[in-house]
Amino acid sequence: MTRKLAILGATGSIGKSTLDLVERNPDRFEVTALTASTNVEALAELARRTGARLAVVADEGRYNELAGLLAGTDCRAAAGEAALIEAATGDAELVMAAIVGCAGLKPAMAAVDAGRTVALANKEALVTAGALMTGAAARSGATLLPVDSEHNAIFQCLAGSNREHVSKIILTASGGPFRATSADGIAAATPAQAVAHPKWSMGAKISVDSATLMNKGLELIEAHYLFGLPSSQLDVVIHPQSVIHSLVEFVDGSVLAQLGNPDMRIPIAYALAWPERMPTPAQRLDLAAIGRLDFEAPDLQRFPALRLAREALEAGGAAPTVLNAANEIAVASFLAGAIRFPQIAAVVHEALNGADYDAPNSIGDVLEIDRVTREKTRSMMQASCA
Ligand code: NDP
């Protein structure tokens, strides 16, 4: 059976891996819509290749360029927020939400509100508006399928089990490029070093998040909303080989894990084919060749971002929204060379300290807290650099 699929963030790392699987399984999927932020050349090329009917560029200033590139095809060009929402809700039954950052929130929520099956890679959307998104899914009947490798692993381990029998979820973390680096070395880290992840090839923002361990912190919050467990039942362990993608401990002491080579096409394929499975070209796991699997506790002194994220999870209310917004601004500033690596966590810390918002009751509230936090974070960074 062919499933109609929209891919939000088609030109990114997750988008491209999704399209790789789609092109290897042409009988399973019909691509209805593709979106990008600014990269109209890549978007138009993907639209031509897949036969998508709608291509959306978020940046309205690039509309004419996109329309020109798609002239003579059956693919309609569109631009802006309303068009992103159209892509997320049109005739697709399955939506890959792979825009990076809070920018993906509105389209992902639109797909959830419309009752679609949403393969969710865009973790920031869930972190910033978790309760609203899971509440909307419960109302609309939408299915949220985790794409993040850790949450996908947990989702696989939980299949067929009674949630009341779960005692703990253990998220694994590779430790990122600075796992074995001294605090002084980390303080001097450059953007090029921070995005050079030892195990995964990913977009720049999540690569920096992996280097600060904020990524694991965002994933704690993501796990809380996806699986309904409190912070006390969510653990993190560093596992440098990235072979075990996460584990679930049950009340009887049994622990289930999902293993595989670090290739995002495995969790993406699980989400795309769910409740079935489909083949992927991912290299098969050869445990004898790997030889050993190592584990260690995370070092919260060198990686304070993980502690901040857990504190935001435990504080609840608007704290995860503030954490996410401040982190997005800090990471972009670090990548632009405006702040040093340790300042990312310092900026987030200050943003959380200065925040005093009521819990958001609507997506409008979330977006307002996000906007104000971004503004304040920018001013704070400008003041400290002056
Ligand atoms: P990339 O930076 O590689 O791609 C981001 C995509 O989003 C691109 O298509 C980009 O378009 C689009 N985009 C960026 N900004 C906007 C915006 N303001 N409005 C609309 N579209 C926008 O990111 P990744 O693929 O690495 O990550 C995507 C999401 O998946 C993130 O939330 C990340 O945390 C999550 N994730 C990623 C993993 C990975 O392995 N990469 C693993 C697990 C989760 P353009 O190309 O035009 O800039």
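First things first, this report covers the structure right here in the doc. Treat the numbers as computed from the prediction; the structure is a model and nothing was measured. (Residues numbered from 1 in each chain as written. Predicted model: local features only at pLDDT ≥ 70, side-chain atom pairs only at ≥ 80, totals over all residues. Heavy atoms only, no water.)

Summarising the sheet, strand β10 (residues 244–250) and strand β11 (residues 255–259) pair through 5 bridges and their orientation is antiparallel. Across the sheet, residue Ser246 finds its bridge partner in β11, namely Gln258. Turn length for the β10-β11 hairpin, with the two strands adjacent in sequence and antiparallel, is 4 residues, and the turn residue Gly253 shows positive phi of about 95°. (Pairing = 2+ DSSP bridges. Helix = DSSP H or I, 4+ residues; strand = E, 2+ residues; numbered from the N terminus.)

Right, let's get into empty space enclosed by the protein. A complete count under the given rule lists 1 cavity of 30 Å³ or more for this structure. In this structure, the largest cavity occupies an estimated 50 Å³ of space. For the largest cavity, the full set of lining residues is Ser149, Asn152, Trp200, His245, Gln258, Gly260, Asn261, Pro262, Asp263, Ile266 and Pro267. When residues of the lining of the largest cavity are traced back to their parent elements, those giving at least two are α7 (149–158) and α12 (265–273). (1 Å grid on protein atoms, 1.4 Å probe; cavity = no way out; pocket = protein on both sides within 12 Å on 5 of 7 lines; lining within 4 Å. Points joined across faces, edges and corners; volume = space filled by probe spheres on them.)

Near the ligand there are 24 residues, and of these Thr11, Ser13, Thr38, Asn39 and Glu124 occur at the shortest range. One of the backbone N or O atoms of Ser13 is found 2.9 Å from an oxygen atom in the ligand. One of the backbone N or O atoms of Thr38 is found 2.8 Å from an oxygen atom in the ligand. Mapped by element, the contributors of at least two residues to the shell around the ligand are α1 (13–24) and α6 (123–140). Residue composition of the shell around the ligand, grouped by class: 12 nonpolar, 9 polar and 3 charged. (Near = heavy atom within 4 Å. Polar contact = N/O pair within 3.5 Å; in protein donor to acceptor, adjacent residues only side chain to side chain. Nonpolar A, V, L, I, M, F, W, Y, C, P; charged D, E, K, R; others polar.)

To continue, consider the nonpolar core. The biggest cluster of nonpolar side chains holds 127 residues, and the ones touching the most others in it are Leu34, Met96, Met133 and Leu323. With 8 residues, helix α15 (residues 319–335) is the largest single contributor of residues to this core. Leu34 has contacts with Ile7, Ala10, Leu19, Leu43, Leu46, Ala47, Thr50, Ala52, Leu54, Ala55 and Val56, leaving out every residue within four places of it along the chain. (Core = buried A, V, L, I, M, F, W, Y, C linked by side-chain atoms within 4.5 Å. Buried < 20%, exposed > 50% of the residue type's maximum accessible area, 1.4 Å probe, protein only. Contact = heavy atoms within 4.5 Å.)

Attention now moves to α7. With 10 of 10 residues buried, α7 is to be regarded as a mostly interior element. Packed against the buried residues of α7 are β7 (143–146), β8 (166–173), α11 (214–227), β10, β11 and α12. Taken from the residues just after α7, Gly160 is the one with a positive phi, measuring 80°.

Looking now at the sheet that holds strand β6 (residues 117–120). Read across the open sheet, the 7 strands follow the order β4-β3-β2-β1-β5-β6-β7; overall the sheet is parallel. Only two strands of the sheet have a single partner each, and these edge strands are β4 (76–79) and β7. With strand direction ignored, the average angle separating the axes of adjacent strands in the sheet is 20°. Where strand β2 (residues 29–36) and strand β3 (residues 54–57) come together, 4 bridges link them in parallel fashion. By the bridge assignment for β3, Leu34 is matched with Ala55. Strands in contact with α1 are β1 (3–8), β2 and β5 (94–97); relative to β1, the strand with the most contacts, it is inclined by about 155°. With respect to the sheet, helix α2 (residues 40–50) is in contact with β2 and β3, its orientation differing from that of β2 by roughly 170°. (Axes fitted to C-alpha atoms, helices over the stretch in contact; angles between N-to-C directions.)

Counted under the stated rule, the structure contains 4 aromatic pairs. Between Phe155 and Tyr270, the ring centres sit 6.2 Å apart and the planes meet at 80°, which makes this aromatic pair edge-to-face. Taken together, the residues span a long stretch of sequence, with Phe155 in helix α7 and Tyr270 in helix α12 at a distance of 115 residues. Aromatic rings pair up to connect Phe155, Tyr270 and Trp274 into one cluster. (Phe/Tyr/Trp six-rings, centres within 6.5 Å; stacked < 30°, edge-to-face > 60°.)

Approximately 250 Å³ is the volume found for the second largest pocket. In this structure, the second largest pocket is lined by 15 residues; those nearest its centre are Ile266, Arg277, Met278, Thr280 and Arg284. Here the element with the most residues in the lining of the second largest pocket is α12; it accounts for 3 residues. Partitioned by chemical class, the residues of the lining of the second largest pocket number 7 nonpolar, 6 polar and 2 charged.

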